[in-house]
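Topology and contacts: notes
What follows is each chain in one-letter form.
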Amino acid sequence: MIRSKKIPMVIAAFCLVFFCELTALAQGGWDVWMVYLRDGSRIDAAPVWSLDEKVLKYGMSGKVGEGKTLRRSLIGSMSRNVAARESMKTNSSENVPPALPEGDVKKDLVVMADGRQVSGAVLIHARKDGSGEIQHFSPVLVQNGVEIDLKKVEHIKLAKPKRSS
């Protein structure tokens with residue numbers, strides 16, 4: 001009798017762990033970006049789908065690759081929230097990302113994970129695999145004609161939009 005009660009309990013526990021694991025995989029895998037607006041406020045954006053000349057698309061509302069939109073002109077900078085990644089590292093010197101430079105920039109500025117800084121117009125879009133299929137969950141940053149895995153980027157500082165006369 002005791003054995004017959006344990007079997008359903010073991011099965012229920014296994015199912016619970018299995019379904020929780022699936023939920024965790026479905027919820028993650030992408031970085032959270034802290035988006036600092038020019039008015040001094042901040043929003044968290046995850047996942048980041050794209051950034052074009054006019055808008056940033058992020059979040060899980062609507063279809064995959066669509067989400068919420070935020071006008072690019074409102075964004076001062078974006079920084080990758082690396083708290084989860086940092087907690088997995090053991091060497092504390094590896095936990096310090098390169099700093100975001102202060103002040104305004106004339107051209108968009110990207111600060112790479114290794115500390116390098118590159119200036120030039122920034123766009124973000126979904127990567128395409130070898131067959132040309134869009135990989136929405138693997139965005140790339142495009143700058144100066146070069147595609148860079150977004151996971152190699154720590155900060156993006158956007159130039160102030162030019163005023164129309």
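Each remark here, short or long, concerns the structure printed above.
Keep in mind that this is a model prediction, so the values were computed, not measured. Counting restarts for each chain, with residues numbered from 1 along the sequence as it is written. Reporting of local features is limited, given that this is a predicted model, to residues whose pLDDT is at least 70; pairs of side-chain atoms are given and counted only at 80 or more, and all residues count toward the totals for whole chains, interfaces and linings. With hydrogens and water set aside, each side-chain value is computed from the structure's full complement of heavy atoms.

Centre distance within 6.5 Å is the pairing criterion for rings of Phe, Tyr and Trp, where only the six-membered ring of Trp is used; planes under 30 degrees apart are then read as stacked, over 60 as edge-to-face, and the remainder as tilted. Counted by the stated rule, this structure contains one aromatic pair. Ring plane angle 65 degrees and centroid distance 5.3 Å describe the contact between Trp49 and Phe137, whose orientation is recorded as edge-to-face. One end of the pair, Trp49, is in strand E3 (residues 48-51); the other, Phe137, is in strand E10 (residues 134-143), with 88 residues separating them in the sequence. A run of DSSP states H or I qualifies as a helix once it reaches four residues; a run of E qualifies as a strand once it reaches two. Both are numbered from the N-terminal end.

What follows concerns the pattern of salt bridges. Once their charged atoms are close, side chains differing in charge can pair, the charge on each being opposite to the other. By definition, a salt bridge exists where a carboxyl oxygen of Asp or Glu is found within 4 Å of a side-chain nitrogen of Lys or Arg. Applying the stated criterion across every chain, the model contains seven salt bridges. Between Arg80 and Asp31 there is a salt bridge, with the nearest N and O atoms lying 2.8 Å from each other. On the criterion of sequence distance, the pair formed by Arg80 in strand E6 (residues 75-81) and Asp31 in the loop between helix H1 (2-27) and strand E1 (32-37) is long-range, its members being 49 residues apart. Whether a residue is buried, partly exposed or exposed follows from its accessible area with a 1.4 Å probe, protein chains only, as a fraction of its type maximum: under 20%, in between, or over 50%, in that order. Since its relative accessible area comes to 6%, Arg80 is described here as buried. Owing to a relative accessible area of 23%, Asp31 belongs among the partly exposed residues under this scheme. The residue Arg116 makes a salt bridge to Asp114 at a minimum N-O spacing of 2.9 Å. Look at Arg116 and you get partly exposed, because its relative accessible area is 48%. The exposure class of Asp114 is exposed, given its relative accessible area of 54%. One salt-bridge network, held together by shared partners, links Asp31, Arg80 and Glu154.

Here the focus is a nonpolar patch on the surface. Taken together, the side chains of Met60, Val64 and Phe137 define a hydrophobic patch exposed on the protein surface, amounting to about 290 Å² of accessible area. Mapped onto the fold, Met60 is located in the loop between strand E4 (55-58) and strand E5 (68-71). A residue counts toward a patch only above 30% relative accessible area and without a salt bridge, and it is joined to like-charged neighbours within 9 Å or, for Val, Leu, Ile, Met, Phe, Trp and Tyr, to nonpolar neighbours within 5 Å. Only the protein chains shown count as cover for residues, with accessible areas throughout obtained via the Shrake-Rupley method and a probe of 1.4 Å.

Moving on to the sheet that holds strand E8 (residues 117-119). DSSP-based pairing: two strands are paired if at least 2 bridges between them are found. Read from one edge of the open sheet, six strands run E2-E1-E6-E12-E7-E8, paired in antiparallel fashion. The open sheet terminates on both sides in strands that have one partner only, identified here as strand E2 (42-45) and E8. Each strand axis lies, on average, 20 degrees off the axis of its neighbour in the sheet, ignoring direction. Across four bridges, E1 lies against E2 in antiparallel orientation. The residue of E2 that forms the bridge with Trp33 is Ala45. Axis geometry follows a simple rule: fit a line to the C-alpha atoms, using only the stretch in contact for helices, then measure angles between N-to-C directions, giving values from 0 to 180 degrees.

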